[in-house]
Amino acid sequence: MSGSDAAPAPRTPRVVVGVNGEPGSRTALRRAAAEARHRRAALWPVLAWQPPCGGFGVRHAPVDPLPAEDWQDLARATLLGTLDEVFPDGPGVPVHALLAQGTPGRVLVEAADREDDLLVVGAGHRGTLHRMFQPSVSRYCLARAHCPVLAVPPSPLEAELAAAHRRNLWRLRLDTRHFAEETAPDDGQAVAGA
């Protein structure tokens, strides 16, 4: 049999996952690794990056902005740091990390371009205000991908951490009434030592 008659080597299945360093993307990354192990596939974590305002505002900024190479270096550090944090001992499957300049939805759909790929995205809790200013990556991927898409909701613990982060960001006080209700004795007896 000549070299031209040889059957093409089978393609390794791929699980492509969007990563941005946020808690929801870490949950999606863990799920994607589990799917890759189950399918005996390669894990393709993808981080889409772009300068603020997509580069347009940077070109017209009054101060000297960071060059694109610096933004790419920051993206690389985020991707590698997230992989190290989520998989300190490795994910147990081949990994092909990818950095791409562009919007996250478009980059993910282009990366998962095979019909037999699986695209995994985080489907976080999003408020009305957030949806107005940032389009949903998971909705974009669900509408445009040519392969199956798995939208992974955030874990309950990560949702609580995100709420605590928002409280800290806005410097809101913690509502401790529910803690008092949970620890108060329900039979009317005094707590020992009180």
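All of these numbers come straight from a predicted model, not from anything done at the bench. (Residues numbered from 1 in each chain as written. Predicted model: local features only at pLDDT ≥ 70, side-chain atom pairs only at ≥ 80, totals over all residues. Heavy atoms only, no water.)

### Let's talk about the overall build of the protein chain
- Each helix and strand counted, the protein chain has eight helices and five strands in total.
- Taken from the N to the C terminus, the helices and strands of the protein chain come in the order β-α-β-α-α-β-α-β-α-α-β-α-α.
- Burial statistics for the protein chain: of 194 residues in total, 29% are counted as buried.
- Contacts spanning at least 24 positions in sequence make up 76% of the contacts within the protein chain whose residues lie at least 6 apart.
- As displayed, the protein chain has an accessible area near 13200 Å², and 56% of this comes from carbon and sulfur atoms. (Helix = DSSP H or I, 4+ residues; strand = E, 2+ residues; numbered from the N terminus. Buried < 20%, exposed > 50% of the residue type's maximum accessible area, 1.4 Å probe, protein only. Contact = heavy atoms within 4.5 Å. Areas by Shrake-Rupley, 256 points an atom, 1.4 Å probe, with all protein chains shown as cover.)

### Regarding the nonpolar core
- Counting 21 residues, the largest nonpolar core has Val15, Val17, Leu29, Leu43, Phe87 and Val120 as the members making the most contacts within it.
- When residues of this core are traced back to their parent elements, those giving at least two are strand 1 (14-18), helix 1 (23-39), strand 2 (42-49), helix 3 (68-86) and strand 4 (118-122).
- Looking at this core element by element, the count peaks at five residues for helix 1.
- Discounting chain neighbours no more than four positions away, the residues touching Val120 are Val15, Val16, Val17, Gly18, Ala28, Ala32, Leu150 and Val152.
- Counting 14 residues, the second-largest nonpolar core is a separate cluster that includes Ala100, Val121, Ala145 and Cys147. (Core = buried A, V, L, I, M, F, W, Y, C linked by side-chain atoms within 4.5 Å.)

### Here's the deal with the packing of aromatic side chains
- Counted under the stated rule, the structure contains zero aromatic pairs.
- Positioned over the ring face of Trp44 is Arg14, at 4.9 Å from the centre of the ring. (Phe/Tyr/Trp six-rings, centres within 6.5 Å; stacked < 30°, edge-to-face > 60°. Lys NZ or Arg CZ within 6 Å of the ring centre and 35° of its normal.)

### Points about the environment of Arg37
- Structurally, Arg37 is set in helix 1.
- Measuring from C-alpha to C-alpha, the distance between Arg37 and Gly92 comes to 7.1 Å, with 55 residues separating the pair along the chain.

### A word on unusual backbone geometry
- Positioned with a positive phi, Arg40 is a non-glycine residue whose angle comes to about 55 degrees.
- With respect to the secondary-structure elements, Arg40 resides in the loop between helix 1 and strand 2.
- Of the residues examined, Arg40 reaches a relative accessible area of 75% and is grouped as exposed.

### Notes on the side chain of Arg14
- Tracing the chain through its elements places Arg14 in strand 1.
- A distance of 2.8 Å separates a polar atom in the side chain of Arg14 from the backbone oxygen of Ala111.
- A distance of 3.0 Å separates a polar atom in the side chain of Arg14 from a polar atom in the side chain of Asp113.
- When near neighbours in sequence (up to four residues on either side) are disregarded, Arg14 contacts Ala41, Ala42, Trp44, Ala111, Ala112, Asp113, Arg114, Asp116, Asp117 and Leu118. (Polar contact = N/O pair within 3.5 Å; in protein donor to acceptor, adjacent residues only side chain to side chain.)

### Focus: the packing of helix 1 against helix 3
- Across the interface, helix 1 lies against helix 3 with an axial gap of 11 Å and an inter-helix angle of 60 degrees. Taken together, the axes of helix 1 and helix 3 are oblique relative to one another. In the crossing of helix 1 with helix 3, the sense of the turn from one axis to the other is right-handed. For the pair formed by helix 1 and helix 3, the contact residues are Arg26, Leu29 and Arg30 on the first element and Thr82, Leu83, Glu85 and Val86 on the second.
- Broken down by class, the residue content of the contact of helix 1 with helix 3 amounts to three nonpolar, one polar and three charged. (Axes fitted to C-alpha atoms, helices over the stretch in contact; angles between N-to-C directions. Parallel < 35°, antiparallel > 145°, perpendicular 65-115°, else oblique. Left-handed = near helix turned anticlockwise from the far one by under 90°. Nonpolar A, V, L, I, M, F, W, Y, C, P; charged D, E, K, R; others polar.)

### So, the sheet that holds strand 2
- The sheet built from five strands is open, its strands ordered 3-2-1-4-5 with parallel pairing. Unpaired on one side and paired on the other, strand 3 (98-101) and strand 5 (149-152) mark the two borders of the sheet. Within this sheet the neighbouring strands show an average axis-to-axis angle of 25 degrees, counted without direction.
- Note: strand 2 against strand 3, four bridges, orientation parallel. (Pairing = 2+ DSSP bridges.)

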